[in-house]
Amino acid sequence: MASTNTSAPDASSWSPDSWRAYPAVQQPAWPDDQALKRANATLSGLPPLVFAGEARHLTRALGQAAQGRAFVLQAGDCAESFTEFSADAIRDKLKVILQMAVVLTYGAGVPVVKLGRIAGQFAKPRSSPTEQVGGQVIDSFRGHMVNDDLPEAAARVPDPARLVAAYQQSVSTLNLLRAFTKGGFADLSQIHAWNQEFVASSTEGRRFEDIAEGIDSALRFMSACGIDLTGEDTLHEVDFWTSHEALILDYEEALTRKDSLTGEWYDCSAHMLWVGERTRQLDGAHCEFLSGIRNPVGSKVGTSASADDVIGLCERLNPERIPGRLTLITRFGVDAIDDHLPELLRAVESEGHPVVWECDPMHGNTFTAEGGQKTRRFDDIIGELQAFFRIHREVGTWPGGVHVELTGDDVTECLGGFEDIVEGQLGLRYTTTCDPRLNGRQSLDLAFRIAELLRG
Ligand code: PEP
Ligand code: CO
């Protein structure tokens with residue numbers, strides 16, 4: 001195979017900073033090198049956000065999805081924000097993800113691996129390093145881990161103190177998520193409380209209530225039969241994992257720690273890390289970094305990826321062929337998926353590489369509306385998902401999961417859906433700091449459609 005010359009990584013030469021010898025695209029031009037070194041030193045001394053054992057647990061859960069026995073729901077903001085940060089927003093995002101997971105589990109009868117784009121998703125790759133605002137050319141916004149989104153030159157100067165601030169916000173986010181998911185909020189007896197008011201009044205909200213009542217009565221039936229469910233953790237707690245794009249390698253390196261149990265390296269900034277469509281070069285710094293950490297990892301795969309590129313990713317990132325270690329997140333767009341996905345599935349299948357195939361139906365379907373906002377059509381998102389499931393069925397591979405950008409809030413960022421949001425309404429509640437997200441209703445609607453496709 002041509003590009004597999006990218007040689008399996010030489011594990012003996014890997015270290016948390018070995019990426020520095022490779023070309024690293026999409027890194028900020030930090031103006032103050034000393035300040036960057038100080039931020040790195042501070043981060044290196046701070047506690048890890050996650051444990052190596054948790055990352056291993058997630059690899060096993062994803063391994064089930066690689067082998068056709070589970071489905072992954074990876075979801076959250078395009079970019080988390082320092083300013084739109086509150087306990088309510090975290091809770092509401094968790095609510096909609098829990099709702100979606102219930103719809104998928106109940107509706108399709110498969111276990112769902114719940115993976116947030118959260119507690120670290122603060123950095124964005126950009127197609128252009130600068131943008132024009134008024135008559136002025138200023139640096140692009142690269143996520144709150146790097147600079148500020150205000151459209152002013154001074155706000156866009158990269159500030160390494162933001163790396164530490166991103167860590168701190170990730171800590172408090174993860175702390176609350178752990179409290180919610182292990183402390184009673186995710187208990188199935190709370191299922192009705194996950195349906196937010198603006199969602200509950202919609203068709204999807206009512207469908208969700210039907211499921212919730214079905215679950216209630218099943219639980220009542222079991223306890224009436226004398227089955228004691230109080231000790232059944234899976235009914236009272238949820239495993240909720242964190243993930244983000246491993247983009248700013250100074251941050252990821254500083255949070256990479258050696259596991260005392262196994263002596264292996266883990267990037268303890270999140271349970272799962274992925275490389276983006278713009279940073280997945282086989283001979284680049286990002287793949288070098290991911291190749292040596294033992295967390296489950298992923299790569300976006302878009303229309304520019306050849307079958308050889310994808311086999312190269314499998315060999316570079318999962319030479320040991322561990323199921324669950326590698327997730328390939330395809331993002332072609334509704335019009336391009338048929339031209340690309342079948343060939344990639346067949347190539348990976350024939351090489352015998354175990355991967356989780358996730359569909360990101362968002363990033364290939366983005367366009368700019370007349371009012372200037374970036375947006376996506378709900379129908380295009382559904383269209384790419386339908387094609388994803390159909391193609392997997394045709395090839396005989398397992399559609400392992402979805403990767404979506406959403407929020408629990410009642411935003412107007414994506415077009416269509418139950419409320420049939422039209423272009424003129426995008427400005428009403430358009431609050432994303434980067435890409436357009438599905439709102440709570442659209443997300444739940446999406447989950448019902450996916451459950452149908454899974455049953456399909
Ligand atoms: C993203 O997931 O927000 C993103 C930038 O995706 P991609 O790398 O696929 O463009
Ligand atoms: Co995005």
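Residues numbered from 1 in each chain as written. Chains lettered and ligands numbered in written order. Predicted model: local features only at pLDDT ≥ 70, side-chain atom pairs only at ≥ 80, totals over all residues. Heavy atoms only, no water.

**Focus on empty space enclosed by the protein**
The line we're drawing: Definitions used throughout: a 1 Å grid over protein atoms alone; a cavity as a set of points that fits a 1.4 Å probe which cannot get out; a pocket as an open set with protein on both sides within 12 Å along at least five of seven lines; a lining residue as one with an atom within 4 Å of a point. Grid points are joined across faces, edges and corners, and a volume is the space filled by probe spheres set on the points.
Evaluated as defined, the whole model comprises one cavity of 30 Å³ or more. Taken as a whole, the largest cavity spans an internal volume of roughly 30 Å³.

**Re the coordination of the cobalt ion (ligand 2)**
Under the convention used in this document: Sites may look incomplete, because water is not among the atoms used; the donor set itself consists of N, O and S atoms within 2.8 Å of the metal (3.2 Å for Na, K and Ca). Helical segments are the DSSP runs of H or I of at least four residues, strand segments are the runs of E of at least two, and each set is numbered from the N terminus. Under the scheme applied here, a residue whose accessible area is under 20% of the maximum for its type counts as buried, over 50% as exposed, and between as partly exposed, the area being computed with a 1.4 Å probe on protein chains only.
In this structure, C78 (SG), H363 (NE2), E405 (OE) and D435 (OD) serve as the protein donors to the cobalt ion (ligand 2), at separations of 2.1 to 2.4 Å. If you list the donors of the cobalt ion (ligand 2) from N- to C-terminus, the spacing comes out as C-x284-H-x41-E-x29-D. Remark: D435 occurs in the loop between β14 (401-405) and α13 (440-455) and E405 occurs in strand β14; sequence separation between them is 30 residues. On the basis of relative accessible area, D435 is assigned to the buried category, the value being 7%.

**Comments concerning the layout of surface pockets**
Keep this limit in mind: Note on residue classes: Ala, Val, Leu, Ile, Met, Phe, Trp, Tyr, Cys and Pro are nonpolar, Asp, Glu, Lys and Arg are charged, and everything else, Gly too, is polar.
Its boundaries defined by the atoms lining it, the largest pocket holds a volume of some 790 Å³. Taken together, 31 residues form the lining of the largest pocket, with R126, K374, T433, C434 and D435 sitting closest to its centre. With three residues, the single largest contributor to the lining of the largest pocket is strand β3 (residues 130-133). Here the lining of the largest pocket is built from residues that sort into seven nonpolar, eleven polar and 13 charged. Counted as a void, the second largest pocket has a volume near 670 Å³. Every residue lining the second largest pocket is counted, 25 residues in all, and those nearest its centre are V112, K114, T234, E237 and V238. Going through the elements one at a time, α2 (52-66), α3 (87-108), β2 (112-117) and α7 (233-236) are the ones with two or more residues in the lining of the second largest pocket. A per-element tally of the lining of the second largest pocket places α3 first, with five residues. Broken down by class, the residue content of the lining of the second largest pocket amounts to 16 nonpolar, four polar and five charged.

**Notes on the confidence of the model for the protein chain**
Heads up, the rule is: The predictor attaches a confidence to each residue, called pLDDT, with possible values from 0 through 100. Whether two residues are in contact is decided by their heavy atoms: any pair within 4.5 Å suffices.
With 98% of its residues at a pLDDT of 70 or more, the protein chain has an overall mean of 95. The low-confidence segment residues 1-8 (pLDDT under 50) makes 13 contacts with residues lying over four places distant or belonging to another chain.

**Considerations on the site of ligand 1**
The following threshold applies: The nearness test applies per residue and asks whether one of its heavy atoms lies within 4 Å of the molecule or strand. The definition of a polar contact used here is a pair of N or O atoms within 3.5 Å, where within protein one atom must be able to donate a hydrogen and the other to accept one, and adjacent residues in sequence count solely through side-chain atom pairs. Areas reported as accessible are Shrake-Rupley estimates using a 1.4 Å probe. Residue values count occlusion only from the protein chains shown. Each molecule is checked against the cavity or pocket grid, and it sits inside if more than half of its atoms lie within 2 Å of the grid points.
The environment of ligand 1 is made up of C78, R117, K124, P125, G276, E277, R278, K300, R331, H363 and E405. The contact in question runs from an oxygen atom of ligand 1 to an N or O atom on the side chain of R117, over 2.9 Å. One of the side-chain N or O atoms of R278 is found 2.8 Å from an oxygen atom in ligand 1. Protein chains bury 98% of the 290 Å² of accessible surface belonging to ligand 1 in isolation. When atoms are counted within 2 Å of each cavity's grid points, the one that captures over half of ligand 1 is the largest pocket. When the residues that make up the shell around ligand 1 are grouped by side-chain class, the tally is two nonpolar, two polar and seven charged.

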